[in-house]
Protein chains: 2
Amino acid sequence: MAAPFYLDNAASTRLHPEVLEAALPFLRDCYGNPSSLHPLGMQARRVVKGARETLARLLGAPPQAVTFTAGGTESCNLALQGAFASARLKGQRLLVSAIEHPAVLETAQRLAATGVDVRRIPVTAGGIVDLAALEALLDGDVRVVSVMALNNELGTAQPIEAIGRLLARVAPRTVFHVDAVQAFTKLPVNWRAAGVHLLSLSGHKVHGPKGVGALVRLRPVPLEPLIAGGGQEGGLRSGTENVFGIVALGHAAQRTTALHAAQREQRCGYADAWLTELAGQPRVEVFRSEAATPFIISFSLEPIPGEVILHHLEQEGLYVSTGSACASAKPEPSHVLLAAGLSERRALSSIRLSFSVFNTLDELPAVLPAFRRAMERLQRL
Amino acid sequence: MAAPFYLDNAASTRLHPEVLEAALPFLRDCYGNPSSLHPLGMQARRVVKGARETLARLLGAPPQAVTFTAGGTESCNLALQGAFASARLKGQRLLVSAIEHPAVLETAQRLAATGVDVRRIPVTAGGIVDLAALEALLDGDVRVVSVMALNNELGTAQPIEAIGRLLARVAPRTVFHVDAVQAFTKLPVNWRAAGVHLLSLSGHKVHGPKGVGALVRLRPVPLEPLIAGGGQEGGLRSGTENVFGIVALGHAAQRTTALHAAQREQRCGYADAWLTELAGQPRVEVFRSEAATPFIISFSLEPIPGEVILHHLEQEGLYVSTGSACASAKPEPSHVLLAAGLSERRALSSIRLSFSVFNTLDELPAVLPAFRRAMERLQRL
């Protein structure tokens, strides 16, 4: 097997070696409980505080706005379940886009079972939230609107600023939750200025470790906790702090934000090289809209099933996903691709390439020929 | 500052170096998402499966009985909230002992706010669940009984087998949840044979990392998830798996169980040396009952506040806690110590020594004189 070209960064990213190095002492040596009063506890408490301040500074929020969780899924659950459990928030309707991650869609479904009026905001054929349709849905009693900032399957950037302006104008009491699991560190959006209330983040999508994330309250929002206990995280999320994970998330957020900022031009050049390569491939259809970003490219080669394409790419050392990783074990076509207007057959033939700060222009002379070799075999099927 | 004698293992334990070594590749190299279909994903999926099998084997349960969580607190929340959210379980009463951890007590309080009839099972002056009082409380419509197996402040082992027998006789449909966060790997109980349905575990109390735990269904119990999403963990706990944490928990569970088994005699000798030392100290009162274990010793030196004792011990390199770590920032006396019959003044003067596999007989010739030096100064206050 050839050395892998890892192109599955929307599923999970490589822990940055410098992040690991910076956080490893909090696995190895500093094993105190942050609630303990002795030096090993105080040191743990201090570095958790430091990571909280780093994340808050990056997002222009006060430190107490940051609640560390076990990941993006828990953050989305805390945002939605927490807002609907709070008696201080009004409205019984929840609006979610049709292309949200299961962390939002499944939570919405559970809330619907408790009487919440859940409505889906349709998306255009470009995979972009339809603002006129959203405005029409805002006529009711809307407590929360939840939209993913950078779609994990299509790579489309959603119009977060425009949605924020619309909400400020039409529904100023509605809580705006943004699932920024894919967008964080990549899109240079000022989330707070955009009118976002709640932002969900994940460590392992930004070169941090799995098992840690955050929910950030960019504006004050009353929330009920999901997990009760010792009162950690200001009472919003109990349980002994994952000190290593939190420290690593702080470092990863800072480091990866800087790397993406420095690589902005290179990232476009890298994606363009792929788009040129794909354009030269017969029968290949690329999903690309005006909201495309250079982080994710989705393409299909009908009627070949995605799993078969994946297998051939893997033989050349290219590691990719079919649709989203979370859904890739299921045989059904992705709800996201269908919502964006793809046929069922095309959706089932789709492959996602997703890039990280480790995918640099330097690898193109090796990865593109490897891709071409796999495609030559696939074209003959 | 002298080299620390870490005697705060009920708050958190040192990650075992061999556990770190075994699990580190899953931070460093194997960064795939277990849901991905390429080799990096499949390898991650395989090792998560392996850790699940290890934990299941140690507990005599099938692998699918193990649900990995972010820690003991989440496990306890999932057990209690999950059981009360399930329409398939009957009964509206929840019985919790008076000396439970906040992970159980606070969850019970939240359930009470939703209409659950929460009752506290009193404990004897020895800090042991009162079986006659429990039986009297079982006359109603009890859905769940929750009892901690090894108390984190008193060190008392609770009569889990006797409670299991009582439930089998009087309330066979009642779900028996055991918070085994402190007991796991230490007490040689066959939890399944004891009639336990749900067992909550934590990684960082058994020389694993913080941020991982498990809820184990030793008998089939319908539960509703707390966290919805991609359907990981058999749909009971969504979110990308914390591969490193899960692998480390598997290794830690196995290794620490073996170490505690091998050290059983040494552990008693070690605790006895402390008890002898404490017995020789004027004014020191040790909490010790017939259910005491050699893992935790609680003592007081009235009227000196626990914080002052802690500070003097720390100056000699002894790291301890006052009451439980989670509550140690609060000025109120521990609810556990009060429930076990201690006066408020004595509870506020209490110090907890808690031991791990790294506290061996070898350290006694160094740690006891250091303790004595601190106590000499404290006795003069």
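Got a minute to help me understand the environment of B:A193 in this structure?
Residues and elements named next belong to chain B. If you trace the backbone, A193 turns up in the loop between β6 (175-179) and β7 (198-202). Taking the relative accessible area as the measure of exposure, A193 reaches 63% and is therefore exposed. Sequence separation between A193 and E161 is 32 residues, and the spatial gap between their C-alpha atoms is 8.2 Å.

What is the right way to read the packing of helix α3 (residues 39-59) of chain B against helix α8 (residues 243-262) of chain B from this model?
Angle between the axes and distance between the axes are the two parameters that describe a pair of packed helices. Residues and elements named next belong to chain B. One way to put it is that α3 packs onto α8 with a least axis distance of 9 Å and a crossing angle of 30°. Viewed along their axes, α3 and α8 adopt a mutual orientation that is roughly parallel. Helix-helix and strand crossings are classified by hand; for α3 and α8 the assignment is left-handed. Of α8, the residues touching α3 (which contributes A44, V47, V48, A51, T54, L55, R57 and L58) are V243, I246, V247, L249, G250, A253, Q254 and T257. Residue composition of the contact of α3 with α8, by class: 11 nonpolar, four polar and one charged.

Teacher, can you tell me more about the pairing of β6(B) here?
Here is the key point about a regular strand: its side chains alternate between the two faces of the sheet. Residues and elements named next belong to chain B. The buried count for β6 comes to five of five residues, which makes it a mostly enclosed element. Side chains V175, H177 and D179 of β6 all project onto a buried face; the interleaved residues F176 and V178 project onto the opposite face, where all are buried too. As paired elements, strand β5 (residues 142-148) and β6 share five bridges and run parallel to each other. Note on β6: the bridge partner recorded for S146 is H177. Direction of pairing for β6 relative to β7: parallel, over a ladder of three bridges. Residue pairing for β7: H177 is matched across the bridge by L198.

What is the right way to look at unusual backbone geometry in this model?
All names here are of chain A. Omega for the peptide link from E302 to P303 comes to 0°, which places this bond in the cis form. Residue placement: P303 occurs in the loop between β10 (296-300) and α10 (306-315). Positive phi, normally seen in glycine, also occurs at R283, with a value near 70°. Looking at the secondary structure, you find R283 in the loop between α9 (264-279) and β9 (285-287).

Even after reading the chapter, I still don't get the relation of the copies chain B and chain A, so can you show me in this structure?
Put simply, the second copy of the chain is the first one after a rotation about an axis and a shift along it. Structural alignment of chain B on chain A gives an RMSD of 0.0 Å, achieved by rotating through 180° and translating 0.0 Å along the axis. Here the two chains are linked by the operation of a two-fold rotation axis. Across chain B, the rotation axis passes nearest the C-alpha of B:A70, at a separation of 3.1 Å. Interface overlap between copies is the fraction of interface residues in one copy that are interface residues in the other; for chain B against chain A it reaches 100%, indicating a shared surface.

What's the story with the interface of chain B and chain A in this structure? I'm lost.
If you look at the interface, chain B gives 63 residues, while chain A gives 63 residues. Of the roughly 4800 Å² buried between chain B and chain A on both sides combined, carbon and sulfur atoms contribute 62%. For the pair chain B and chain A, the number of links is zero salt bridges. Joining chain B to chain A, the criterion identifies 20 residue pairs in polar contact (both at pLDDT 80 or more). When contributions to the side of chain B that touches chain A are tallied by element, the ones reaching two or more residues are α2 (25-28), α3, α4 (72-85), α5 (102-113), α8 and α10 (306-315) of chain B. If you tally residues by element for the side of chain B that touches chain A, the top one is α5(B), at five residues. Broken down by class, the residue content of the side of chain B that touches chain A amounts to 27 nonpolar, 23 polar and 13 charged.

Is there a simple way to explain the packing of aromatic side chains in this structure?
Between two aromatic rings, the relevant description is the distance of the centres plus the angle of the planes. Counting across every chain of the model gives 11 aromatic pairs over all chains. Look at B:F299 and B:F371: their rings are 5.9 Å apart centre to centre, the planes differ by 85°, and that puts the pair in the edge-to-face class. Here B:F299 is found in strand β10 (residues 296-300), whereas its partner B:F371 is found in helix α13 (residues 364-379), with 72 residues between them in sequence. The pair formed by B:F299 and B:F371 is uniform in burial state, with each residue classed as buried. Directly above the aromatic system of A:F358 lies the positively charged group of A:R14, at a separation of 4.8 Å from the ring centroid.

What is the right way to look at the domain arrangement of chain A in this model?
For an interface, size is often stated in terms of accessible area lost upon the parts coming together. Residues and elements named next belong to chain A. Taken domain by domain, chain A comprises domain 1 (5-13 + 262-379) and domain 2 (17-258). Using C-alpha coordinates to define each centre, domain 1 is positioned 27 Å away from domain 2. Across the boundary between the two partners, domain 1 contributes 29 residues, which contact 32 residues of domain 2. Here domain 1 and domain 2 share an interface that buries about 2500 Å² over both sides, 57% of which is from carbon and sulfur atoms. It is T13, H335 and V336 that lose the most area in domain 1 upon contact with domain 2, and together they represent 21% of the buried surface on that side. Counting across the domain 1 and domain 2 interface gives zero salt bridges. Run the count over domain 1 and domain 2 and you get 15 residue pairs in polar contact (both at pLDDT 80 or more).

Which parts of the structure should I look at to understand α5(B)?
Since there are 3.6 residues in each turn of an α-helix, residues three or four apart along the chain are aligned in direction. Residues and elements named next belong to chain B. An ideal rise of 1.5 Å per residue puts 16 Å on 12 residues; α5 measures up with 16 Å between its terminal C-alpha atoms. Buried residues of α5: P102, A103, V104, L105, T107, A108 and L111, and no others. The inward-facing, buried residues of α5 contact α4, β3 (93-97), β4 (117-121), β5, β6 and α11 (335-339). Residue G115 follows α5 closely and has a positive phi angle near 110°.

Is there a simple way to explain the side chain of A:E316 in this structure?
Tracing the backbone shows A:E316 in the loop between α10 and β11 (318-319). In this structure the side chain of A:E316 is engaged in a polar contact, spanning 3.0 Å, whose partner is the side chain of A:R373.

Please explain the environment of B:L198 as it appears in this structure.
Residues and elements named next belong to chain B. With respect to the secondary-structure elements, L198 resides in strand β7. Residue classification places L198 among the buried residues on the basis of a relative accessible area of 0%. For L198, the residues in contact, after removing those within four places along its chain, are A79, V175, F176, H177, V178, L215, V216, R217, V221 and L223.

Can you help me understand the pattern of salt bridges in this one?
Close approach of charged atoms lets side chains of opposite charge pair. Considering all chains together, one arrives at 28 salt bridges over all chains under this definition. The partner of B:D139 in a salt bridge is B:R93, with the nearest N and O atoms 3.5 Å apart. Here B:R93 lies in strand β3 and B:D139 lies in the loop between α6 (131-137) and β5, a separation of 46 residues in the sequence. In the salt-bridge network here, residues are joined through shared partners; they are A:R93, A:D117, A:R119 and A:D139.

Explanation requested: the sheet that holds strand β12 (residues 350-354) of chain A in the structure shown.
In a beta sheet, neighbouring strands pair by backbone hydrogen bonds and run either parallel or antiparallel. Residue and element names in this part refer to chain A. With antiparallel pairing, the three strands of this open sheet are ordered in space as β9-β10-β12. Either end of the sheet is taken by a strand with one partner, and the two such strands are β9 and β12. On average, each strand axis in the sheet is inclined to that of its neighbour by 30°, with strand direction left out of account.

What is the right way to read the sheet that holds strand β5 (residues 142-148) of chain A from this model?
All names here are of chain A. On the basis of which strands lie adjacent, the open sheet formed by seven strands has the order β2-β8-β7-β6-β5-β3-β4 and mixed pairing. A single partner strand is all that each edge strand has here, and the edge strands are β2 (66-69) and β4 (117-121). On average, each strand axis in the sheet is inclined to that of its neighbour by 20°, with strand direction left out of account. Seen against the sheet, helix α5 (residues 102-113) touches β3 (93-97), β4, β5 and β6 (175-179) and runs at an angle of roughly 155° to β3. Packing of helix α7 (residues 160-170) onto the sheet brings it into contact with β5 and β6, and relative to β6 it is tilted by some 170°.

About the thresholds
- Residues numbered from 1 in each chain as written.
- Chains lettered and ligands numbered in written order.
- Predicted model: local features only at pLDDT ≥ 70, side-chain atom pairs only at ≥ 80, totals over all residues.
- Heavy atoms only, no water.
- Helix = DSSP H or I, 4+ residues; strand = E, 2+ residues; numbered from the N terminus.
- Buried < 20%, exposed > 50% of the residue type's maximum accessible area, 1.4 Å probe, protein only.
- Axes fitted to C-alpha atoms, helices over the stretch in contact; angles between N-to-C directions.
- Parallel < 35°, antiparallel > 145°, perpendicular 65-115°, else oblique.
- Left-handed = near helix turned anticlockwise from the far one by under 90°.
- Contact = heavy atoms within 4.5 Å.
- Nonpolar A, V, L, I, M, F, W, Y, C, P; charged D, E, K, R; others polar.
- Pairing = 2+ DSSP bridges.
- Least-squares fit on C-alpha atoms with pLDDT ≥ 70 in both.
- Buried area = accessible area lost by both parts, 1.4 Å probe.
- Salt bridge = Lys/Arg side-chain N within 4 Å of Asp/Glu carboxyl O.
- Polar contact = N/O pair within 3.5 Å; in protein donor to acceptor, adjacent residues only side chain to side chain.
- Phe/Tyr/Trp six-rings, centres within 6.5 Å; stacked < 30°, edge-to-face > 60°.
- Lys NZ or Arg CZ within 6 Å of the ring centre and 35° of its normal.
- Domains from an automatic or database assignment.
- Expected span 1.5 Å × (residues − 1).

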